[in-house]
Amino acid sequence: MKRIYKEEHININVSTIFNLINDIEKYPSYLPWWTKTEVEKLSNNIAIGKIYISKSFIKWDFSTKNYIDENKSIKLEFVDGPFDALNGQWLFTPTDDYNTKVSLEINYKFKSKIIEVSIEPIFTTIMNSILQSFVQEAFKIKYNEIIVNNELGRIEMSRLSNGRKTVPQIFI
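Quick notes on the rules
Residues numbered from 1 in each chain as written. Predicted model: local features only at pLDDT ≥ 70, side-chain atom pairs only at ≥ 80, totals over all residues. Heavy atoms only, no water. Pairing = 2+ DSSP bridges. Helix = DSSP H or I, 4+ residues; strand = E, 2+ residues; numbered from the N terminus. Axes fitted to C-alpha atoms, helices over the stretch in contact; angles between N-to-C directions. Contact = heavy atoms within 4.5 Å. Buried < 20%, exposed > 50% of the residue type's maximum accessible area, 1.4 Å probe, protein only.

We now examine the sheet that holds strand β2 (residues 34-41). Across a sheet, paired strands are connected by hydrogen bonds in the backbone, their directions being either parallel or antiparallel. Strand order in the open sheet made by the 7 strands is β1-β7-β6-β5-β4-β3-β2, with antiparallel pairing throughout. Every other strand in the sheet has two partners, leaving β1 (2-10) and β2 as the edge strands with one partner each. If you compare each strand with its neighbour and ignore which way they point, the axes differ by 20° on average. Two strands pair when backbone bridges link them, and β1 and strand β7 (residues 100-110) are joined in this way by 9 bridges, in the antiparallel orientation. The residue of β7 that forms the bridge with Ile4 is Ile106. Its contacts with the sheet put helix α1 (residues 14-22) on β1, β4 (58-69), β5 (73-80), β6 (83-94) and β7, and the angle it makes with β6 is roughly 160°. The strands touched by helix α2 (residues 113-143) within the sheet are β1, β2, β3 (46-55), β4, β6 and β7, with β1 carrying the most contacts at an inclination of about 15°.

Written as structure tokens, this is what we have:
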């Protein structure tokens, strides 16, 4: 089996990043390769997530059974898709009230060489960038960014999730 491992130490509290990654239904709104998702909740701690991916001209989907330990981990077990095997986990370790270490480990093997040759380059590209995509989205949530018209050139105050204003930012 092949392995992908990614880890980041981020200035985001554990519940924000955990809830973002656990909310599979919202993936298509900020992950460009995810075209659709389906979630079947089996209990409060177990869900089956089906993800539809489209990148370049290749489309495929796969499902995992997700075992959820709130703000600690999400373990993934293969259900169906182009894999012979797939398992992994997200781990969330708060380093203090405002910072979290997030890691993703995925172990996988495709069903056949033909599938591997056609899908693996796209799959590894997606998996190698997915943690960074989640981190970027978490910062958008944290700072509740305001889109401004850069042509006007004005000063805006960034807003924290609690609504307080912080350091002014100049947009030109």
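Our next topic: unusual backbone geometry. At Asn71, a residue that is not glycine, the phi angle is positive and equals roughly 65°. Its location among the elements puts Asn71 in the loop between β4 and β5.

Moving on: the pairing of β7. Every regular strand shows the same layout, with side chains that alternate between the two sheet faces. Of all 11 residues in β7, 8 are buried; the element is thus mostly enclosed. Note: β6 against β7, 11 bridges, orientation antiparallel. Its bridge partner lying in β7, Thr93 is registered against Lys101. As consecutive antiparallel partners, β6 and β7 are separated by 5 residues.

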